[in-house]
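So you can see what is in the structure, the chains are spelled out below.
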Amino acid sequence: MSSEELILRHSAYRVLLLFVEFCGIVLEGEVKPDEGCWSGACIQRLINNFLLKHMGDAMNREASVQKVWIDLLREMVVKLPKVENLKSYQALCSEDAEQDFFNNVVHLQKHRRARALSRFRNVVSSGSLSEVITNKVFMPFLFNMLLDVQDGKGEHLRNASMDTIASISGCMEWEAYYALLMRCFREMALRQEKQKLLLRLICSILDHFHFFGGHSNHEAERTIVDASSPVTFAVTHSTLLSKCSTSTDVLDIRACLYQNILPKVQKLLTSDSDNVNVNISLAALKLLKLLPSDIIDSQLPSIIHRISNFLKNRLESSREEARSALAACLKELGLEYLQFVVKVLRATLKRGYELHVLGYTLNFILSKCLSKPISGKLDYCLEELLCIVENDIFGNVSEEKEVDKIASKMKETRKNKSFETLKLIAQSITFNTHALKLLLPVTVHLQKQLTPKVKWKLETMLNHIATGIECNPSVNQTDLFIFTYGLIEDGITNKVESSSLTRASKQDKDGVSSTITTSGRLIDADPQCSHLITDFALGMLYNRLKNMKIHKKEEQLLAMLDPFISLLADCLRSKYDDIISSGIKCLSQLVRLPLPSLVSEAERIKTSLLVIAQGSGNASTPLMQSCIRLLTVLLRSTSITLSSDQLHMLIQFPIFADLERNPSFIALSLLKAIVNRRLVVHEIYDIVTQVAELLVTSQVEPVRKKCSQILLQFLLDYRLSKKRLQQHLDFLLANLRYEHSTGREAVLEMLHAIIIKFPQSVVDELSQTTFVHLVVCLANDQDNKVRSMTGAAIKLLIGRVSPQPLDSILQYSLSWYSGGKQHLWSAAAQVLGLLVEVMKERFQRNISSVLSVVRSILQAAGNAVTRRQLDLSSDGTVPFWKEAYYSLVMLEKILHQYPALCTGGELELKAPLIDEGASTVISQNLVFAICGVHSFFGQCANPHEFWSTLEHHEQGLLLRAFQMLDSGKGRSMFTSITSNDQDSNKHHRYMLISYLLKRMGKIALQMEAIQMKIVFDCFKSISPKIFDQAVENESQDYAYQILLPLYKVCEGFAGKVIPDDARQFTQEVYESIRNTIGMQNFVQVCTQIRKNLKAKRDKRKQEEKLMAVVNPERNAKRKLKIAAKHRANKKRKMMGMRVGRLMR
C-alpha cells in the first residue's frame, strides 16, 4: 500500500478491500465462529493494532500514498459499522462527492481540502470522534499537510489545518494534549524555517486549553512547583475524545506546564534576543495565563520590557514589529493590563525621538484593542493616557514635528496621532464619571495665555473629544444634556463661585418627568478663553439634536430641552461669533418643538437675530448663514412670528441690497419665506425684479431654481396690475434669446409653471404673445434641449387655452406652413405636429391642406438633392433637409392619429431612386416582409382564426392591401385566404408567396435598372430562407418564379437593353440561386423555363404569320414600329461610342 509503484499500491488496495468486506461479513454474523478462527474481537484487535498503525505511518508519505489509505479508511467506515472506533466517523461520509469528507480531504483542489477540514472541525466539536483514529491517523496527516504547504501559496489551507489540529486538541485527554505540545517543540527544533508557523500552532493549541474547567486560578496557589518533584499524568482509556476536569489533574497539569513547557518558551525568548517575535511573546503570555498569578506577575514585566526595548531601534521595521507584538499581547492579556504596559512604555521611551515613538505607539495599541467602543475600560488609567497625549500635543515633541527636516526622518514624526488617541479615549471611558477629567488637559491650558497655535490645538482636541463622545456607548441622553447645559451655563454666566450640578432625576414609576436645573461651574477656566468650552458643548448639543428623532408627545424629553432656550438666547448676545453661530444652529433644531420657553424668549431671540443680520452685509460668513437659516425657520413656523415692521426691517438688510451681483442661496431662501408671508412694501417689488434677472443670469442651478420659486410665488400671491404682469412676462419672453442656454432653460421652466398654475383667463389673454415668442425660439435656437423644452411649452400652452385662442394658433401655424417664408416651415411643421397630438380628431378637417404642403416640400427636397447630388454647397448641407425632416415627423404623428390614411392615395409621392442607401432600405423591407409572411403562414394552422382576431379597420387595411397588389385577382385571393376551409389552408402560403415573387419579377423587367437590382437583391436574400422552410412542390414553384426574370436577363430575352453592371449583378444572383437550390433542381427549373419560353415564342410567331394573312395593315404597322425601335437603339449606341471617344 505504501509502495511507490502505482500497480502495487492498487493491487494491495484491492486485496485489503476484499479483506475489509470479509470482516464485514464476519461481524454481521454470516460466518459462524466454529467455521473458522475469525471472531469480532480478533477483527477489532487486527484493525486497531495493525491496519490503523500502518495507516498512521503512511500519513507521513507522499500524497498518492495518503490518498490510497484514506480511501481504504472510508471503505472501512462504511462497511464495518460494528467497529466502535470506525462507527463515529460515519458522520463524515456522504453519497454526494462534493460533501464527502474522505473524498475531498485528499483532493487536488486546495479549496475542497479546506472545506473538508471545516466539516471535520464541526464534527470534532461534538466530541464524538474516536480518539484512537484521530491520534493515530489524522493527527500525522494534518501535521504533514500543515508543514508541506509552501510559503505564500495555499495560506487558507494552512490556516484550516492549523485550526483543525487546535480543535482536536480541545477534545484531547491531557496526556495526548501534552504530547502534541511536545511534538510541536520537537518539530521546531528539527525545522527552524517552520518556527513561526509552529509557534502559531502552539498559540492555537493553548487557546483550546480546556483542563481547568470550573476551577479558579487561585486554586493553583497550592500547586507545588518544585523542580525535583516528578510529573505524573492521569491516563484514561476512553475511546472517545473527552475533557479532563478533576482537581488532582489541575495540580499536576499546572506543575507540568510550569516545569516543562514554560522553560522551552523562555529558551525561545532568550535564543532570539535580536528580533521581535510576536508569536513567541504570544505563546509565553498564553502559557502564563494558565499559571498562578504570582508567576504571571514575575514573568510578565520581562516580556513587556523586552518588546518595549525594540521600540528604541532606529530601524522602522523593528519598531513596527514591536508595536504589533505589544498590541497582540495586550489583546491577549486584556485592557486590564493597559496601565502596566503604558508605565513600561513611559519608563522605556523617555527622551528624544523616543517620545515621538511613545505617542505613536499608544495610538497604535489603542486603535488595535479598541476597534469597537467599550465603555469604562480606560477609566482606571485615564490620567496616564492623558499625560502622554498632553505631552505629545503641547510639549517639545509637538514643536519638533513642525520642523520639516525632523518630520521627514521617521514615520512617527510625520503626523501627530495624539488627537486620534484622544478620540479613542473619549469613546471608551465612562461618560458620567470621567467626562470632566477628559477635559482637564484643555482647561489647564485655557488658564494660560493662548497663542493662535495653542488655540488651534485646543480646538482640535475638543473636536476629537466630541467625536469620541458621540461614539461612546455609555453616553446617556439625560447625562449628555446635563453635561452640555452645565458647560454652556459656565461659559455664558461666568460665575466665579462654584456650586454643584443638580442632575435631573429619571422619570419615576408614577410618570413624573424631570427637568434640567443647574447652576454653578463645572470647570475652572479663564473667562477670556472659556468660549472654546462653550462652543464645544454647543457643538455636542447640536449634533445630538440633529441626529435625534424628537416627537412632540415625548413630554419628558421636551421638559429637558426647554431650559436650553434661555441659555441659547443668551448665546445670541455673546461677543464670540462661533458661540453665536453654534447657538443659532441649536435654536434652529428647537424652534420647531412646542417648548414653553419659546414664547417667553421669543422677543429676545427675534431682537438678537435682527441685530446680527443687520450688522453684517456678507452673507457668506458662517455666522450670517446660521442667522439667515434660523430666520427662515422662524418665518415658516408658528411658535415665533415676526411682525410686519420686523419683516419690513428684514427686507432692508444689506444682504438684499446687492442680491443680483452677490447672490446667496440662503438669502434667497429667506426671501422666499418673506414672500410667502405676503409682505406688501415697495422694496419687495424691486427685489423681485433683481430675482428675475438672477433667474436668467445665474450659472448656479440651485440659485436659479430658488429664484424661479420666488418669482412664481410672487406672481401668484401678489395683486399685480395688467401692466406690471405684462412687464414680467415680456422680460421672460425677451430672455428667450439670452446668450447662455442655462438662462433660456430657466425661462422656459418658468413659462411652463406659469402656463400650468395661472388661471385660464390670464393664459388666454397672454397666449398670442407667448406663442409667437416660443415659435421664434423653436425656429432659431441651436440648443437641442432648449428646442425640446420649447416644444413642450408650446404643447402645454395649446392644451391649456380656450377654443378661440386655439383656433388662432392653428390658423397662424397653417399660414406659416403654407406661406412663402421658408425659415418658418420647419417651426410650423413642429407646431402642427403638436397640434395634432393635442387636438386629435378636431384636426382632421385640416389634413388635406397639410398633406398637400408636405407633398410639395418633400418633392422640392428630392428635386434639390437630385440637382445638387454632385455639387453640394461649401458647408455640405442639403437644401430643405430641416423642412423635410420636421414635415416627416409631423406626418408620422398624423398617421399615428389617423391610421386610415396609410392606404389612401393622399400620401402617394413619386421620387427617383438616386441613393444606394435608399435602395438598400427598400430591399431590406421587402426581404423582411416576404420572410415574415412566409413564416407566419407556416406557423398559422387556421388563418380564419387570425382573421377573426383583427379589428374592423385592420380587416379593411388587409383587404385594401390585396386590392393594391392586384386589382383583378386580389379580392378572390383575399377571400380564399380568409375562408374557413381547412383543406385549402395548406395552399395559402404557396398562393401568396408565389404570387408576390411573380409580381416582383414582372416589376424587375418593366422598371429601370435600379429597380431591377433591388428585386434581384431581394431574391438573393430570401431564397435561402424560403427554400429551407418550403416543401418540395412549393420549392420548385418558388424557384421557377425567381429564376424566370433572371433567366430572361441573362439570356437576352428581357425585351430591352440591360446595362452591363445590371447584367453582371444578375449573373451573380443567378449563380447564387443555383448554389442554394442545388444543381439538379436548378437544371430542371431552367429546362422548364426554356421550354415554356420557346412554346410562347412559337405561338407568337404563328400568330404573327396568321396576322400577316388576316390583317396585313396591322402587320405593316407592327413592322414599322419594330424598325423605328431598332433605329433608336442603333442611334443610342453610336452616341455612346462618340461620348466615350470624347471622354478619352
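Residues numbered from 1 in each chain as written. Predicted model: local features only at pLDDT ≥ 70, side-chain atom pairs only at ≥ 80, totals over all residues. Heavy atoms only, no water.

Peer 1: How would you sum up the pattern of salt bridges? Please name residues and give values.
Peer 2: Summed over all chains, the structure comprises 34 salt bridges. For E155, the salt bridge goes to R158, with nearest N and O atoms at 3.4 Å. Remark: R158 and E155 occur in helix α8 (residues 155–169); sequence separation between them is 3 residues, near one turn of the helix. The partly exposed category is assigned to E155, whose relative accessible area is 32%. Note on R158: relative accessible area 6%, which makes it buried. (Salt bridge = Lys/Arg side-chain N within 4 Å of Asp/Glu carboxyl O. Helix = DSSP H or I, 4+ residues; strand = E, 2+ residues; numbered from the N terminus. Buried < 20%, exposed > 50% of the residue type's maximum accessible area, 1.4 Å probe, protein only.)

Peer 1: Describe the environment of L635, naming the residues involved and giving the relevant values.
Peer 2: Within the secondary structure, L635 is located in helix α31 (residues 622–636). Linking L635 and A673, residues 38 residues apart in sequence, is a C-alpha distance of 6.0 Å. Discounting residues that sit within four places of it in the chain, L635 has contacts with L642, L647, L650, L670, A673, I674 and R677. (Contact = heavy atoms within 4.5 Å.)

Peer 1: Could you give an account of the packing of aromatic side chains, with specific residues and numbers?
Peer 2: The final tally for this structure, using the stated rule, is 25 aromatic pairs. With centroids separated by 5.8 Å and ring planes inclined at 25 degrees, the aromatic side chains of Y812 and W816 adopt a geometry described as stacked. Of this pair, Y812 and W816 both sit in helix α40 (residues 803–818), separated by 4 residues, roughly a single helical turn. Taking relative accessible area as the criterion, Y812 reaches 38% and is therefore assigned partly exposed. Linked through ring pairs, W174, Y177, Y178, F209 and F211 together constitute an aromatic cluster. (Phe/Tyr/Trp six-rings, centres within 6.5 Å; stacked < 30°, edge-to-face > 60°.)

Peer 1: Mind laying out helix α43 (residues 881–897), listing which residues take part and the relevant values?
Peer 2: Relative to the 24 Å expected for 17 residues at 1.5 Å per residue, α43 spans 24 Å between its end C-alpha atoms, a close match to the ideal helical length. Those residues of α43 that sit buried are E883, A884, Y886, S887, M890, L891 and I894. (Expected span 1.5 Å × (residues − 1).)

Peer 1: So what about the nonpolar core? Which residues, and what values?
Peer 2: Ranked by size, the top nonpolar core spans 311 residues in total, and within it F138 and L671 carry the most contacts. Setting aside chain neighbours within four positions, we find L671 in contact with I651, F656, L659, I684, I687, V691 and I710. In this structure, F937, M1000, C1050 and A1054 belong to the second largest nonpolar core, which totals 41 residues. (Core = buried A, V, L, I, M, F, W, Y, C linked by side-chain atoms within 4.5 Å.)

Peer 1: Give a description of helix α21 (residues 431–438) that names residues and reports values.
Peer 2: Considered for burial, the residues of α21 that qualify are F431, H434, A435 and L438. Each buried residue of α21 lies within a common arc of 130 degrees when the element is viewed along its axis, so the set occupies one face. (Arc of directions from axis to C-beta.)

Peer 1: Lay out the environment of V403 with the relevant residues and their values.
Peer 2: Relative to the helices and strands, V403 is located in the loop between α18 (396–401) and α19 (404–407). Looking at V403, the relative accessible area reads 39%, which means it is partly exposed. For the pair V403 and T413, spaced 10 residues apart in the sequence, the C-alpha separation amounts to 9.5 Å.

Peer 1: Tell me about the environment of I605, residues and numbers included.
Peer 2: Among the structural elements, I605 can be located in helix α30 (residues 602–615). The exposure class of I605 is buried, given its relative accessible area of 0%. For the pair formed by I605 and C571, sequence separation is 34 residues and the distance between their alpha carbons is 9.9 Å. When residues no more than four places from it in sequence are discounted, the contact partners of I605 are I565, A569, L572, L587 and I640.

Peer 1: Got a sec to walk through the packing of helix α28 (residues 577–590) against α31? Specific residues and values, please.
Peer 2: Contact geometry for α28 and α31: axes closest at 9 Å, N-to-C directions at 25 degrees. Classified by the angle their axes make, α28 and α31 are roughly parallel. Of the two elements, α28 crosses α31, and the hand of that crossing is left-handed. Contact residues: α28 offers D577, I580, S581, I584, K585, L587 and S588, while α31 offers P622, L623, S626, C627, L630 and V633. Considered class by class, the residues forming the contact of α28 with α31 number 8 nonpolar, 3 polar and 2 charged. (Axes fitted to C-alpha atoms, helices over the stretch in contact; angles between N-to-C directions. Parallel < 35°, antiparallel > 145°, perpendicular 65-115°, else oblique. Left-handed = near helix turned anticlockwise from the far one by under 90°. Nonpolar A, V, L, I, M, F, W, Y, C, P; charged D, E, K, R; others polar.)

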